[in-house]
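Topology and contacts: notes
This is what each chain is made of:
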Amino acid sequence: SSSKMKVDLDSSTGIAVVKFQSPPVNSMSLDFLTELSISLEKLELDKSCRGVILTSAQPKIFSAGLDILEMYGKNPEHYAEFWKSVQDIWLKLYSYSKITIASINGSSPAGGCLMAMTCDYRIMADNPRYGIGLNETQLGIVAPFWFKDTMVNTVGHRTAELSLQFGLMYSPSDALKIGLVDQVVPEEKVLSTATETMTQFLAIPDHAREISKSMMRKPTVDRLLASRDADIKNFVSFISKDSIQKSLGMYLTMLKQRKV
Ligand code: CO8
């Protein structure tokens, strides 16, 4: 295991648990994304692994999403490198051949929600203090088309449209109602429910399941593959704008002032 990812593979069941351990909030920095990518690659190549559960080692937080500091006050080369690694992790997870289950044991805004949505199944802790959603517009930024596609594929067009415009964060029970998560269970049961659900997936022949998954997801994956460079250019020019940098700066200040 690397420093930000704790990986436990049970070779008798074929189930790997990848725990994010990047305090305080598992924000997805370049290092976080690189380590997650390496862990996923290793597991993909490991024949004794058939499914991966993503969860958090931090209490109350699944992931705070992209690390805002990677998008604030840096140079264009940095933004481009960061965005490429965000694309990489999405491409890897959305087209991952093995079963993936998100064990969402805390809040999961923006990039955290995106990561959960790339999984085959989502189980969230029933704590009403936790929220999940694509809240980008609340930061004055815009979720890119492939974030939007992932949400449409998960909750449908109308719900995604409302959700994206308002930058809605959903409580676990509301997330369940719109189908953003598949199950809500008591906090202490999130991981064990993920394992039980994984066992149900494992009963399906891998090959048939993999082809079905790919059939559902390939058009969405291909859209980004066809325009990766343009998408990076878009991101870099958008995030470099003075007005956007100002919004992010205000949002960071707000996050810090919220402190008790
Ligand atoms: N990036 C960097 N730092 C963060 C982030 C983040 N995403 N989230 C929190 N932090 C920092 C806080 O500023 C704080 O720092 P400090 O200790 O220096 O004051 C520290 O982490 C702890 O945060 P909190 O005190 O807020 O912790 P809480 O336990 O009270 O709350 C939450 C945890 C709920 C996760 C809360 O921190 C939160 O809501 N964070 C913001 C989450 C967010 O809005 N993320 C959006 C990121 S943008 C994204 O993922 C997609 C971008 C798409 C880009 C498209 C552009 C074109």
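Figured I'd write up the structure that's included with this text.

A count of helical and extended segments in the protein chain gives ten helices and nine strands. Against the compact-globule benchmark of 18 Å for 260 residues, the protein chain has a radius of gyration of 18 Å, which places it among compact chains. The buried share of the protein chain, taken over its 260 residues, is 52%. A total accessible area of about 12400 Å² is found for the protein chain, and carbon and sulfur atoms account for 57% of it. A distance of 3 Å separates the average location of the 29 positive side-chain charges in the protein chain from that of its 28 negative side-chain charges.

Moving on, we come to the nonpolar core. Counting residues in each nonpolar core, the largest one holds 77 residues, and the members touching the most others are Phe20, Leu36, Val52, Leu54, Ile101, Ile132 and Leu180. Sort the elements by how many residues they give to this core and helix α2 (residues 76–94) lands first, with nine residues. Excluding its chain neighbours within four sequence positions, the residues that come into contact with leucine 36 are Met5, Val18, Phe20, Ile89 and Met115.

In a pair of packed helices, the angle between the axes and the distance between the axes together describe the arrangement. Remark: helix α4 (residues 145–155) packs on helix α8 (residues 206–225), axes separated minimally by 10 Å, with the N-to-C direction vectors making an angle of 175 degrees. The orientation of α4 relative to α8 falls into the category roughly antiparallel. Of the residues in α8, those touching α4 at Phe145, Trp146, Lys148, Asp149 and Asn153 are Thr220, Arg223 and Leu224. Each residue belonging to the contact of α4 with α8 can be placed in one class, and the counts come to three nonpolar, two polar and three charged.

Within the structure shown, the criterion is met by eleven salt bridges. The partner of aspartate 206 in a salt bridge is arginine 50, and the shortest N-O contact between them spans 3.0 Å. You can see aspartate 206 sitting in helix α8 and its partner arginine 50 sitting in the loop between α1 (30–45) and β3 (51–56), a full 156 residues away along the chain. Relative accessible area serves as the criterion here: at 26%, aspartate 206 is assigned to the partly exposed category. Accessibility expressed as a relative area gives 28% for arginine 50, which makes it partly exposed. The partner of aspartate 174 in a salt bridge is lysine 177, with the nearest N and O atoms 3.3 Å apart. Of this pair, aspartate 174 and lysine 177 are both found in helix α6 (residues 172–178), three residues apart, which corresponds to roughly one turn of the helix.

Rules of the game
Residues numbered from 1 in each chain as written. Predicted model: local features only at pLDDT ≥ 70, side-chain atom pairs only at ≥ 80, totals over all residues. Heavy atoms only, no water. Helix = DSSP H or I, 4+ residues; strand = E, 2+ residues; numbered from the N terminus. Rg over C-alpha atoms; globule rule 2.2 N^0.38 Å. Buried < 20%, exposed > 50% of the residue type's maximum accessible area, 1.4 Å probe, protein only. Areas by Shrake-Rupley, 256 points an atom, 1.4 Å probe, with all protein chains shown as cover. Lys, Arg positive; Asp, Glu negative; His and termini not counted. Charge placed at Lys NZ, Arg CZ, Asp CG, Glu CD. Core = buried A, V, L, I, M, F, W, Y, C linked by side-chain atoms within 4.5 Å. Contact = heavy atoms within 4.5 Å. Axes fitted to C-alpha atoms, helices over the stretch in contact; angles between N-to-C directions. Parallel < 35°, antiparallel > 145°, perpendicular 65-115°, else oblique. Nonpolar A, V, L, I, M, F, W, Y, C, P; charged D, E, K, R; others polar. Salt bridge = Lys/Arg side-chain N within 4 Å of Asp/Glu carboxyl O.

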